[in-house]
Amino acid sequence: QDYFGAASRLPYIMLDGSYVKFRELSLRYALSNSITSKLRIQSASIALFGRNLALIYADKSNDIHIDPESGFGTANTGVGYEQMQIPNSRSIGIKLSVSL
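Asks: Which residues make up the overall build of the protein chain, and what values do they have?
Replies: Counting secondary structure elements, the protein chain contains two helices and three strands. Taken from N to C terminus, the helices and strands of the protein chain fall in the order α-β-α-β-β. Approximately 8,500 Å² of the protein chain is accessible, and the part contributed by carbon and sulfur atoms is 59%.

Asks: Which residues make up the sheet that holds strand S3 (residues 91-99), and what values do they have?
Replies: Pairing in this open sheet of three strands is antiparallel, and the strands run S1-S2-S3 from one edge to the other. The outermost strands of the open sheet, each flanked by one partner alone, are strand S1 (19-30) and S3. The mean inter-strand angle of the sheet, taken between neighbouring strand axes irrespective of direction, is 15 degrees. Of the pairings in the sheet, the one linking S1 to strand S2 (residues 43-58) comprises eleven bridges and is antiparallel in character. When the bridges of S2 are listed, Tyr29 appears paired with Ile46.

Cut-offs and rules
Residues numbered from 1 in each chain as written. Predicted model: local features only at pLDDT ≥ 70, side-chain atom pairs only at ≥ 80, totals over all residues. Heavy atoms only, no water. Helix = DSSP H or I, 4+ residues; strand = E, 2+ residues; numbered from the N terminus. Areas by Shrake-Rupley, 256 points an atom, 1.4 Å probe, with all protein chains shown as cover. Pairing = 2+ DSSP bridges. Axes fitted to C-alpha atoms, helices over the stretch in contact; angles between N-to-C directions.

Below is the structure:
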């Protein structure tokens, strides 16, 4: 029997996990004191945020665009395995803060 036959195929099923991600962006603008005093509030700000915005770089061996952070299961033994997982979620939002 050929016990090591599968090992000869490893270079075809293993991918380099190197990557660069645009993980998070946050922009905040605080209203000036002249505006907040007219509105009779102490302070106010508005912020835009985004998380998991883009996978900027993945190694050329990852030509099927697997997200390197996806994993199979929740234990350490599943890290690096890709088996039709749901992709990491992207979130984009807005936040309004007001101090009275």
